[in-house]
Every structure is written in structure tokens, then in C-alpha cells.
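Reading the structure
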Amino acid sequence: MRTNRKAAARTAAALLTACALALVAGCSGSGGKDSEDKADDGGGGTTAKTPRMKIAMVTHSGEGDTFWDIVQSGAKVAAGKDNVQFLYAANKEGKEQAQLIQSYIDQDVDGLVVSLAKPEAVKAVLAKATAAGIPVVTINSGAEFSEPFGALGHIGQDEAIAGEAVGEELNERGRKKALCVIHEQGNVSLEARCAGVKKTFEGTVENLNIEGTNMPASTSSIEAKLQSAKDIDTVVTLGAPFAAASVKAKESAGSSAEINTFDLNEDVVKQLKAKEIGFAVDQQPYLQGYLAVDELWLNKNNGNVIGGGKPVLTGPALVTEEDVPALEKFTARGTR
């Protein structure tokens, strides 16, 4: 697994912070092999003896997007450790996402975790949250908007750096023409990924917008493109579910293009193992959920701000077939 050095430094800092948090929370002091064997959910320890909190997460997840299941897994483990009631809601449309945030403001939650895929749509409601004294942590997308919108900090990967890493990897693999598949139009993070690929890739990049919430239609769109453009030698999808769709589309189109993807889950690891996918970009979504809840808990109970208010990077790391043995256990339980 190859990790961007800038991301690695900040990820390491985040992990050190997470370890410190466990001590502050009064978690179990048992360690070593026995504790590793018992912590199959990626968590463990006792519940913090601090006042009960209510933290809500609102994301731009579309229906069936397994990425957010992993984010929630991390958030729920941190919530269990921190004596937090965790609430979750999602909508891929910015207007509806703003309405969900408002509903949690009305419930007087103690903290909000929000993704900023369509930042302008939620800007006004986040201003209401901060004005009401509700701290906000942003995750996953829209890092550049986090501080201006009044958030404590942002947890995720730098999407431009991640895209640039993909472009460099495609160069090493000798690719010449890439198809970058955008599954949600208007999502600033997805656009940044494709722009990053274009910046460093020495070949040509063409973007393809698909209807991400309709997998059969998405598969058909990719297949049609591969049939009409036989010179495409690599497909870059921006979410794990679309890697499988691209593998299917490739077979139907009779294409020899290599399929690569952003994000990791159990299916992607199986596809890496079967050599159906060349590489995947892991941004560690479990950490995004876990650290966001922990930051809000720490801020309330100890006045801490992870990363000093600067973005805390959880990726990118490039994962290939060689990394499968080390990852299978974690992806099978839904934590990577």
C-alpha cells in the first residue's frame, strides 16, 4: 500500500490523536494480542463517564452507496465509546441535505458532522448551526469550504492530491487514454478527483457523467462509451460500487481497458484479488466517521480541536493486489 507522503503525515497525526482520545475517554487499558482478537468491530473498551451527547451526521450519500456504511461503522464505534447518541440521515440533493441539517438543529443536537459535496446548498443552514452554538465537523468532501463555513475542522482526503496520485499511477502503468466516471453531477469532490487525474496524467482524460443512483443505467452508459471509443485503455471510477459496474460494462463491450477505482470495500478487494481491477484509492472512510464523532466529544469535554483546525487527511493510499491479504479481514467486517 503506497500512501501519499503529505497524507501519511496527517493521517499519522490523526491516528496518534485517536490513541490519545482512547485514554481521555477512560477506555479499557488492556492491550496486546488478546485485545486485538476481541476488537472485531474495530473498537472496544468501556464507555466514557461523561454527560450523554447527541451527535447527528448528514451526508450526500445516494441510495446503495456502501462507502457511507463504512463511515457510519466508524462513527458508531466512537459514539459507543464516547457515550454519544448517534443519528444519521442522507440525501444526494443539496437542498434536501440542508433540510435534514435544519431538522437536527431543531432537535438541539450537541454536534453536527456534515459532508460538503454541494457546499453552497448547505452554507446558510450551517451558519444557523454555528449561530445556535452547535459545533460542526465536516468530512469527506469540500475541505476548502470547511473553515469559511465555521466548522471546527475537516476530516478526509485531499481530492486533488488523490486525483494527481491516480494520474501518476496511470503513467507508470503506461496508459494513454482514461475515462473518468462521475456518478454525481455537481459534487465538488468528484470533479476535483477527475481534475487531479488530468493534471498529472500524460495521456488524455475524458469525463463521463452517469446516473449514479441507477446502476443498470450507469453500466449501460459505461458500456456504450467503451464500445464507441475503443482507444480507452483505462476506466477510473470514483466510488467502489461503480468499479463492479465498469467490470461488467467492459466485458459486454469487449474492451481491454483496465478498471481502477476510488474507494475500497469487500467487493473491490475481491476484484483486486481476481485481477479484475488494477488498483484502488483508499481514503479510510472508517476513520472519517470515527474521528469526526471523537472530535466533537473531545471539543465539548476537553476543549480540543484535532489538527488545530486544519484538514486532517485520511488518505489517499493506493491499494493493489499485493495488499489484499492484509485487507481482507477488515473489509469483510465492514471497517475498510
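1. Points about the side chain of Ser-218
- Tracing the backbone shows Ser-218 in helix α9 (residues 215-228).
- For Ser-218, a relative accessible area of 0% puts it in the buried group.
- Sequence-distant contacts of Ser-218, that is, excluding residues within four places in its chain, are made with Ile-210, Glu-211, Gly-212 and Phe-242.

2. Regarding the packing of helix α3 (residues 67-82) against helix α12 (residues 285-302)
- Running from N to C, α3 and α12 point in directions that differ by 35 degrees, and their axes come no closer than 6 Å. The two elements α3 and α12 cross, and the hand of that crossing is right-handed. Contact with α3, carried on its side by Phe-67, Ile-70, Val-71, Ser-73, Gly-74, Ala-75, Val-77, Ala-78, Ala-79, Lys-81 and Asp-82, involves Pro-285, Tyr-286, Gln-288, Gly-289, Tyr-290, Val-293, Asp-294 and Trp-297 of α12 and no other residues of that element.
- The class makeup of the residues in the contact of α3 with α12 is 12 nonpolar, four polar and three charged.

3. Topic: the confidence of the model for the chain
- Put simply, the chain has an average pLDDT of 89, and 87% of its residues get 70 or more.
- Confidence drops under a pLDDT of 50 for residues 5-9, and excluding neighbours within four residues, the segment shows six contacts in the predicted structure.
- Taken together, the stretch residues 11-42 has pLDDT below 50 and engages in 39 contacts with residues farther than four places along the chain or on a different chain.

Cut-off values and rules
- Residues numbered from 1 in each chain as written.
- Predicted model: local features only at pLDDT ≥ 70, side-chain atom pairs only at ≥ 80, totals over all residues.
- Heavy atoms only, no water.
- Helix = DSSP H or I, 4+ residues; strand = E, 2+ residues; numbered from the N terminus.
- Buried < 20%, exposed > 50% of the residue type's maximum accessible area, 1.4 Å probe, protein only.
- Contact = heavy atoms within 4.5 Å.
- Axes fitted to C-alpha atoms, helices over the stretch in contact; angles between N-to-C directions.
- Left-handed = near helix turned anticlockwise from the far one by under 90°.
- Nonpolar A, V, L, I, M, F, W, Y, C, P; charged D, E, K, R; others polar.
- pLDDT = per-residue confidence, 0-100.

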